[in-house]
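Coordinates in review
Listed here are the chains, written in short residue letters.
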Amino acid sequence: MKTISCIILLLFFHIDCVWGMNHIDSLYTEYNRTTSSARIAIANRLYEELYRKEHIDTLMQLTGKMERTVADAYMMEAMSEYYYDCGEFAQAILAATKAAHIFEQRRMNEEAATCYSVLCITYHRIGNMGEALNYGRKNYEYDLQTGDDDRLSSSLNNLATLYLGNRQPEMAEKYILRAIEIEQQLDRPRKLATRFGIASEIYTTLGQYEKAVEMGEKAYRLDIEGDRELQAAKRLSQIAAAYEGWSKIDQAETYIRQAIELLQKHNEQVSLTISYNLLGRVLRQKRAFHEAQTCLLKAAAMAEQTKNSIQLLKAYDELAELLEPDLPREALNYKKKSYDLQRKVFREESERQMNNFSVQYETAEKELQIQKQQSEIEQTKQHRTLFALSTVFALLLCGMLYLLLRQRRKRNRQLAEANATKDKLFSIISHDLKSPVIAQKATLDTLIANYDAYETDDLLYYLERFRIASESQMGLLQNLLSWAQVQTGKAKFSPLPFDITHTIAETANLYAISSENKNIRITTEMPERC
């Protein structure tokens, strides 16, 4: 009877898959069959459809200049993500492997790394942990090398999922928290919701149910705000799993039924498999055994059809526990299937490889931290050097300004001295030249007034006086010019000895006419030479 039920479920699932041949499949078939220039237009329509239904994160446009083989690789990579979402893991692996090979040949490393990401999660789904780890490591090493936080977040998310499936939640937690940190910095709600969802599953496995619910609700809110109904359904399933582990069965059932309703609407087989497994566990705890068995059989049928070994293993374990009290033989059969599948999925070699990679990851993280610290130290050195150069430049500028200011003050002082010299010169000219001019005028006045009364000797006497006054005036002018040159720095100061007695006598003679006219007698008492 149970075998018939399984066959019916498998037939139902097959019919559902046939009817699920949607517009995306039709477009991809049309793309492969078309050889004309219309292929690019079909490819871009297919990209739009994949993006609209959230199978890919980036909407790109192919052009007619692109090589056909490369265009085919891009399409295969996009379809591999679609096949993964539909649970068609064999097709996803085939498409991603072909695309990766083309990208590797053309050294398109970033595109190849995207294929590695798909291969990592797909191999994980079918239980091939060795291949999953191989591609996960390739993807992570490329992203770590390029330092691209966008890609690094995705590779960390994949590794977290991989370690969670390999029953190493502590290591998975380390990866996912780093991915969450990156997404919070990049502020991308859609991907952050995905990271929170994985974190919810990890904390459920770790038994930290309150934290698991918190993470799941954060993810759900972000997907609702972004109008992503399918993703929101997955978050409901993750929250339900947390409540089920927390032994809050009613809340778990409410959330998981809501999730299944939405997932059936979108025909999302992978998440439906997970949700039916979870609903079966919840109903078994509520002692609704028949309904629980139906859900678990449906989950097993979906998992077998999609080759989802992880979920198939969970379905076998649940069915074994459910049937053991009443149908021990069938329970034993499921236990045997579980044991055989578990040996296939969790091989010792895979665990050894994953443990080795954990060490490599921690080493790479430390090396990355060292590089960042060295980069920060180098930046600090550069900042210090720049600050020192700026300080030196500022000091030089201040020095130049000081020298200019000092030069300006010196120039102002020289101008002030020149103005003072000029004023002094004018003062001397106005005073000292006055006496010879007065003496000349007095002599001329006397000559003119008494011209007829003078004898020849007297006339010669006054003319001699006039000559002496003129020579005195010329000497004074010459002395003033020499003095001015000395004061303005145009002549060198070179003092010479002179006879002051002669100078005083010349000065007295200069005023002789004026003093005689005023009946004044000028006398000097000096030695012959002084």
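Residues numbered from 1 in each chain as written. Predicted model: local features only at pLDDT ≥ 70, side-chain atom pairs only at ≥ 80, totals over all residues. Heavy atoms only, no water.

**Describing the overall build of the chain**
To keep it simple, the criterion reads: Only DSSP runs of H or I with at least four residues qualify as helices, and only runs of E with at least two residues qualify as strands; both kinds are numbered from the N terminus onward. Buried, partly exposed and exposed residues are distinguished by accessible area as a fraction of the type maximum, computed with a 1.4 Å probe on protein chains only: under 20%, between the cut-offs, and over 50%, respectively. Contacts are assigned to residue pairs that have any heavy atoms within 4.5 Å of one another. Throughout, the Shrake-Rupley method with a 1.4 Å probe supplies accessible areas, and for residues the shown protein chains are the sole cover considered.
Scanning the chain from N- to C-terminus turns up 22 helices and zero strands. When each of the 530 residues of the chain is scored for burial, the buried share is 42%. Considering only intrachain contacts with a sequence separation of at least 6, the fraction spanning at least 24 residues in the chain is 62%. Carbon and sulfur atoms make up 54% of the accessible area of the chain, which amounts to about 30,900 Å² in all.

**A short note on the pattern of salt bridges**
Just so we agree on the cut-off: Definition used for salt bridges: Asp or Glu carboxyl oxygen within 4 Å of a side-chain nitrogen of Lys or Arg.
Counted under the stated rule, the structure contains 25 salt bridges. Glu181 is the salt-bridge partner of Arg178, the closest N and O atoms lying 3.8 Å from each other. Linking Arg178 with Glu181, this pair stays in helix α9 (residues 169-186), spanning three residues, or about one helical turn. Since its relative accessible area comes to 16%, Arg178 is described here as buried. When the shortest N-O distance is used, the salt bridge between Arg284 and Glu318 registers 3.3 Å. Of this pair, Arg284 sits in helix α14 (residues 269-285) while Glu318 sits in helix α16 (residues 309-323), and the two are 34 residues apart along the sequence.

**A closer look at the environment of Ala241**
Positionally, Ala241 belongs in helix α12 (residues 229-245). Given the relative accessible area of 19%, Ala241 is considered buried. Along the chain, Ala241 and Ser275 lie 34 residues apart, while their C-alpha atoms are 8.9 Å from each other. Those residues within four positions of Ala241 in sequence are excluded, and the remaining contacts are Thr204 and Leu278.

**A short note on the packing of aromatic side chains**
Rules: Classification of ring pairs rests on two measures: the distance between centres of Phe, Tyr or Trp rings, Trp counted by its six-membered ring, which must be within 6.5 Å, and the angle between planes, read as stacked under 30 degrees, edge-to-face over 60 and tilted in between.
A complete count under the given rule lists ten aromatic pairs for this structure. Seen from their ring centres, Tyr116 and Tyr135 are 5.9 Å apart, and the 35° between their planes marks the pair as tilted. Placement of the pair is Tyr116 in helix α6 (residues 109-125) and Tyr135 in helix α7 (residues 129-146), with a sequence separation of 19 residues. With relative accessibility at 11%, the residue Tyr116 sits in the buried group. Grouped by ring-pair contacts, the aromatic residues Tyr116, Tyr123 and Tyr135 constitute a single cluster.

**Considerations on the packing of helix α15 (residues 289-306) against α16**
Selection rule: Inter-axis angles, ranging from 0 to 180 degrees, are taken between N-to-C directions of lines fitted to C-alpha atoms, where helices are fitted over the stretch in contact. To sort the angles, those under 35 degrees are grouped as roughly parallel, those over 145 as roughly antiparallel, those from 65 to 115 as roughly perpendicular, and the leftovers as oblique. Two helices crossing with the near one rotated counterclockwise from the far one by less than a right angle form a left-handed crossing, whereas a clockwise rotation gives a right-handed crossing. The residue classification treats Ala, Val, Leu, Ile, Met, Phe, Trp, Tyr, Cys and Pro as nonpolar and Asp, Glu, Lys and Arg as charged. All others, Gly included, are polar.
Where α15 meets α16, the axes come as close as 9 Å, and the angle between the chain directions of the two elements is 155°. Relative to α16, the element α15 is oriented roughly antiparallel. Crossing geometry of α15 relative to α16 is assigned as left-handed. When α15 is examined against α16, the residues Phe289, Ala292, Gln293, Leu296, Leu297, Ala300, Ala303 and Glu304 are found in contact with a partner set consisting of Gln311, Leu312, Ala315, Tyr316, Glu318, Leu319, Leu322 and Leu323. Tallied by class, residues from the contact of α15 with α16 come to twelve nonpolar, two polar and two charged.

**Notes on the packing of α6 against α7**
Two numbers describe how α6 lies on α7: the axes approach to 8 Å, and their chain directions differ by 150°. In terms of orientation, α6 lies roughly antiparallel with respect to α7. Note that α6 runs across α7; the crossing there is left-handed. In this structure, α6 contributes Asn109, Glu110, Ala113, Tyr116, Ser117, Leu119, Cys120, Tyr123 and His124 to the contact, and α7 contributes Met129, Glu131, Ala132, Tyr135, Gly136, Lys138, Asn139 and Tyr142. Taken together, the residues of the contact of α6 with α7 break down into nine nonpolar, five polar and three charged.

**Description of unusual backbone geometry**
You will see that Asp227, though not glycine, has its phi angle at about 55°, which is positive. Structurally, Asp227 can be placed in the loop between α11 (209-225) and α12.

**Topic: the side chain of Asn157**
With respect to the helices, strands and loops of the structure, Asn157 is situated in helix α8 (residues 149-165). Overall, the relative accessible area of 8% leaves Asn157 in the buried class. Setting aside residues up to four positions removed in sequence, Asn157 forms contacts with Ile176, Ala179, Thr194, Arg195 and Ile198.

**Some points on the environment of Lys298**
Spelled out, the test is: By the criterion applied in these results, polar contacts are pairs of N or O atoms within 3.5 Å in which, for protein atoms, one can donate a hydrogen and the other can accept it, and in which residues neighboring in sequence qualify only through two side-chain atoms.
Note on placement: Lys298 falls in helix α15. When the C-alpha atoms of Lys298 and Thr273 are compared, they prove to be 7.7 Å apart, with 25 residues separating the residues in sequence. Looking at Lys298, its side chain comes within polar contact range of the side chain of Tyr276, at 3.5 Å.

**A few points about α15**
Quick reminder of the rule: The length a helix should cover is 1.5 Å for every residue beyond the first.
Helix length check: α15, at 18 residues, gives a terminal C-alpha distance of 26 Å against a target of 26 Å (1.5 Å per residue), a fit within 8%. Turning to α15, its buried residues number three or more, namely Ala292, Gln293, Cys295, Leu296, Leu297, Ala299, Ala300, Ala301, Met302, Ala303 and Thr306. One or two residues past the end of α15 sits Lys307, with phi positive at roughly 60°.

**Considering the confidence of the model for the chain**
This is how it is decided: A residue's pLDDT is simply how confident the predictor is in it, with values from 0 to 100.
Looking at the chain as a whole, the pLDDT averages 81, with 84% of positions reaching at least 70. Mean pLDDT per element in the chain: helix α1 (residues 2-19) is the minimum at 41, and α11 is the maximum at 95. Here residues 1-21 is a poorly scored stretch, pLDDT under 50, and it has 18 contacts once near neighbours within four places are set aside; other chains count.

**Details of α11**
End to end, α11 covers 24 Å across 17 residues, agreeing with the expected 24 Å (1.5 Å per residue, within 8%). Burial in α11 covers these residues: Ala212, Val213, Met215, Gly216, Ala219, Leu222 and Asp223. In this fold, the buried residues of α11 make contact with α10 (189-205) and α12. Backbone geometry just after α11 places Asp227 at a positive phi near 55°.

**So, a nonpolar patch on the surface**
Note the following rule: Here the term patch refers to residues with relative accessible area over 30% and no salt bridge, with like charges joined within 9 Å and nonpolar side chains (Val, Leu, Ile, Met, Phe, Trp, Tyr) within 5 Å.
Among the surface-exposed residues, Phe393, Leu397, Leu401 and Leu404 lie close enough to one another that they form a single nonpolar patch of about 430 Å² accessible area. The topology assignment puts Leu404 in helix α18 (residues 348-432). Residue classification places Leu404 among the exposed positions, given a relative accessible area of 57%.

**Re the side chain of Lys234**
Heads up, the condition is: His is not counted here, nor are the chain ends, while Lys and Arg score as positive and Asp and Glu score as negative.
With respect to the element layout, Lys234 can be found in helix α12. The buried charged residue Lys234 lacks any salt bridge, with Glu268 as its nearest oppositely charged partner at 4.1 Å. Discounting chain neighbours no more than four positions away, the residues touching Lys234 are Leu263, Glu268 and Ser271.

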